[in-house]
Amino acid sequence: MSPGLWGWIALACAIAYASKLLGYGLPAHWLSNPRMGQITTSLTVALLASLTMMNTLASGTHLAFDARLGALLAAAVALWLRLPFLAVVVIGALACALLRWWHM
Amino acid sequence: MGLSIAAATGLYGISFGALSIAAGLSLAQTMALSLLMFTGGSQFAFIGVIAGGGTGAAALGAASLLGVRNAVYGLQMSRLIAPRGPWRWLAAHWTIDESAATASSQIDASEQRRGFWVAGAGVFLLWNLFTLAGALLGDALGDPRRFGLDGAAVAAFLGLLWPRLRAREPVALALVCGLVTAAAVPWLPAGLPILLAAAVGAIWGWWRSRARPALASVPDSSGSPS
């Protein structure tokens, strides 16, 4: 891999650690105020929803409706059935692989 | 509870290792993320953006924004477990969803402290071991699409999101952000639609906080890891 990606990895790791450490150093009232809590909660939901959608539909900078939609549906059913995380991931992969195989 | 958290982490680590290799990262880069970043949601975000063809800068942006919640956990943990001296540096590194949730679920102060350190150390050890196992497995599998590993990534992100959708409001927010992402993909460079959705989420949170008090920010420990 290019050295450029290593640079981004190092920087992202440093920022991740700084965020954690920040909580131990900041004055309590700053982060514990309700507004910060609400923004953090919403930000997390927004990012995960966006990542789910991007991994389902994006193919570079195009939208593609393919076997990954089947993976999304199968994973949703598995989660609704309260299966453990790995089972959900494996079911997603299986659904995707089977749909692709069946289409070819 | 410790055992179930450890098992979940192990299985989750295998998925991360395999998907990271499928995204095009090397074994060393995959391990660097698990050892040094050590916050699963951000790690998945980082490789998810790279897999989608996004730049390193976009991957860094998504991972860093997803890590903001760890600052809130850090604040809670600095009060609950009050680490001293060099322990504070280690405590910060091990401040993640699982350790914060374990500590917060205990009532007694010494149990809170014990829960934090046991969950933090256990998850750190297992997360890295299983990332390595997953990465080696991913290397052996070859073409990731043949085994539906791109479908596994979809399932993994939905699995991280799911435990946070217990009320109507986060469901509405998730749907809006999903639509914004899909609408933005054809128009923006790869990776940026995620940051656009993040901006929508932050504005939504800011707006909602004027309307009513905040939700609890520590997830309960029975949920999926992130």
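Bear in mind the structure is a predicted one, so any value in this text is a computation, not a measurement.

Colleague: Which parts of the structure should I look at to understand the overall build of chain B?
Modeller: Secondary structure summary: chain B contains 11 helices and zero strands in total. The helix and strand sequence of chain B, counted from the amino end, reads α-α-α-α-α-α-α-α-α-α-α. For chain B, contacts bridging at least 24 residues in sequence account for 73% of all contacts bridging at least 6.

Colleague: How should I be thinking about the overall build of chain A in this particular structure?
Modeller: Looking only at helices and strands, one finds five helices and two strands in chain A. Along the chain direction, N to C, the helices and strands of chain A fall in the order α-α-α-β-β-α-α. Taking 104 residues into account, the globule formula puts the C-alpha radius of gyration at 13 Å, and chain A, at 19 Å, lies well above it. With the C-alpha coordinates of chain A rotated into their principal frame, the extents come out at 60 × 40 × 25 Å. Across the 104 residues that make up chain A, the buried fraction comes to 53%.

Colleague: Teacher, can you tell me more about the interface of chain B and chain A here?
Modeller: When the parts of a complex come together, some accessible area is lost, and that lost area is often taken as the interface size. The partner chain A presents 70 residues to the 88 residues of chain B that form the contact. It is helix 9 (residues 149–161) of chain B that provides the largest number of residues to the side of chain B that touches chain A, a total of 13 residues. Within the side of chain B that touches chain A, the residues separate by chemical class into 56 nonpolar, 26 polar and six charged.

Colleague: How do you make sense of the packing of helix 4 (residues 67–80) of chain A against helix 5 (residues 85–103) of chain A when you look at a structure like this?
Modeller: Residue and element names in this part refer to chain A. Contact geometry for helix 4 and helix 5: axes closest at 8 Å, N-to-C directions at 145°. For the element pair helix 4 and helix 5, the recorded crossing hand is right-handed. Residues Ala67, Arg68, Gly70, Ala71, Ala74, Ala75, Ala78 and Leu79 of helix 4 pack against Ala87, Val88, Ile91, Gly92, Ala95, Cys96, Leu99 and Arg100 of helix 5. Looking at the contact of helix 4 with helix 5 residue by residue, the classes come out as 12 nonpolar, two polar and two charged.

Colleague: What should I look at first to understand the environment of B:Val185 in this one?
Modeller: Assignment of secondary structure puts B:Val185 in the loop between helix 10 (168–184) and helix 11 (192–211). In this structure, the C-alpha to C-alpha distance between B:Val185 and B:Leu149, residues 36 residues apart in sequence, is 21 Å. Contact partners of B:Val185, with chain neighbours within four places excluded, come to A:Met54, A:Leu57, A:Ala58, A:Thr61, A:Leu63 and B:Pro193.

Colleague: Looking at this structure, how should I read the packing of helix 2 (residues 27–37) of chain B against helix 8 (residues 109–141) of chain B?
Modeller: Between two packed helices, the angle of one axis relative to the other and the distance separating the axes together describe the packing. Residue and element names in this part refer to chain B. Two elements in contact, helix 2 and helix 8, have axes whose closest approach is 10 Å; the angle formed by their N-to-C orientations is 160°. As summarised for this structure, helix 2 and helix 8 are arranged roughly antiparallel, according to the angle between their axes. Classified by chirality, the crossing of helix 8 by helix 2 is right-handed. Residue-level inspection shows Leu27, Thr30, Met31, Ser34 and Leu35 of helix 2 in contact with helix 8, the latter providing Trp127, Asn128, Thr131, Leu132, Ala135 and Asp139. Here the contact of helix 2 with helix 8 is composed, by residue class, of six nonpolar, four polar and one charged.

Colleague: What exactly am I supposed to notice about unusual backbone geometry here?
Modeller: Trans is the common state for peptide bonds, and a negative phi is the common state for residues other than glycine. A positive phi is found at A:Arg82, a non-glycine position, where the angle reads about 60°. One can find A:Arg82 in the loop between helix 4 and helix 5. Located in the positive-phi region is B:Ala82, a residue other than glycine, with phi close to 35°. Judged by C-beta crowding, with 14 C-beta atoms within 10 Å, B:Ala82 ranks as partly exposed.

Colleague: Which parts of the structure should I look at to understand the confidence of the model for chain B?
Modeller: Residues and elements named next belong to chain B. Scored by pLDDT, chain B comes out at a mean of 86, with 89% of its residues at no less than 70. No element of chain B has a lower mean pLDDT than helix 1 (residues 2–23), which averages 77, and none a higher one than helix 2, which averages 97. Residue range residues 220–226 is modelled with pLDDT below 50. Its contacts to residues more than four positions away, or to other chains, number 24 contacts. Model confidence for the complex: the whole-complex pTM is 0.77, and ipTM, which rates the interface, is 0.87.

Colleague: Looking at this structure, I do not really get helix 10 of chain B. What am I missing?
Modeller: Structural remark: α-helix, 3.6 residues per turn; residues separated by three or four positions point the same way. Over its 17 residues, helix 10 of chain B runs 24 Å from end to end, which matches the ideal 24 Å to within 8%, given 1.5 Å per residue. All of the buried residues along helix 10 of chain B are B:Pro170, B:Leu173, B:Ala174, B:Cys177, B:Gly178, B:Val180, B:Thr181 and B:Ala184. Each buried residue of helix 10 of chain B lies within a common arc of 165° when the element is viewed along its axis, so the set occupies one face. Structurally, helix 10 of chain B contributes buried residues whose contacts are with helix 3 (34–57) of chain A together with helix 9 and helix 11 of chain B.

Colleague: Looking at this model, I keep getting lost on the environment of A:Thr41. Mind explaining?
Modeller: Residue and element names in this part refer to chain A. Examined against the element boundaries, threonine 41 turns out to sit in helix 3. Accessibility expressed as a C-beta count within 10 Å gives 26 for threonine 41, which makes it buried. The spacing of threonine 41 and alanine 67 is 26 residues in sequence and 31 Å in space, taken between C-alpha atoms.

Colleague: What's the story with helix 3 of chain A in this structure? I'm lost.
Modeller: Compared with an ideal rise of 1.5 Å per residue, which puts 24 residues at 34 Å, helix 3 of chain A spans 35 Å between its outermost C-alpha atoms and is within 8% of the ideal. Counted residue by residue, helix 3 of chain A has 22 buried out of 24 residues, so it is predominantly covered.

Colleague: Whenever I open this one, the nonpolar core confuses me. Can you help?
Modeller: Nonpolar side chains tend to gather and get buried jointly when the protein is soluble and globular. Counting residues in each nonpolar core, the largest one holds 109 residues, and the members touching the most others are A:Leu47, A:Ala75 and B:Ala62. Take this core: its biggest share by element is 12 residues, from helix 3 of chain A. Not counting residues within four places of it along the chain, the set of residues in contact with A:Leu47 comprises B:Ala45, B:Ala62, B:Leu65, B:Leu66, B:Ile194, B:Ala197, B:Ala198 and B:Gly201.

Colleague: Sorry, what's going on with the confidence of the model for chain A here?
Modeller: Keep in mind that low pLDDT regions are not for reading the predicted coordinates in detail. Of the residues in chain A, 92% have a pLDDT of 70 or more, and the chain-wide mean is 88. Per-element confidence in chain A is highest for helix 4 of chain A, whose mean pLDDT is 96, and lowest for helix 2 (residues 28–32) of chain A, whose mean pLDDT is 66.

Rules of the game
- Residues numbered from 1 in each chain as written.
- Chains lettered and ligands numbered in written order.
- Predicted model: local features only at pLDDT ≥ 70, side-chain atom pairs only at ≥ 80, totals over all residues.
- Helix = DSSP H or I, 4+ residues; strand = E, 2+ residues; numbered from the N terminus.
- Contact = placed C-beta atoms within 7 Å.
- Rg over C-alpha atoms; globule rule 2.2 N^0.38 Å.
- Buried ≥ 20, exposed ≤ 12 C-beta atoms within 10 Å, placed from the backbone.
- Nonpolar A, V, L, I, M, F, W, Y, C, P; charged D, E, K, R; others polar.
- Axes fitted to C-alpha atoms, helices over the stretch in contact; angles between N-to-C directions.
- Left-handed = near helix turned anticlockwise from the far one by under 90°.
- Parallel < 35°, antiparallel > 145°, perpendicular 65-115°, else oblique.
- pLDDT = per-residue confidence, 0-100.
- Expected span 1.5 Å × (residues − 1).
- Arc of directions from axis to C-beta.
- Core = buried A, V, L, I, M, F, W, Y, C linked by C-beta atoms within 7 Å.

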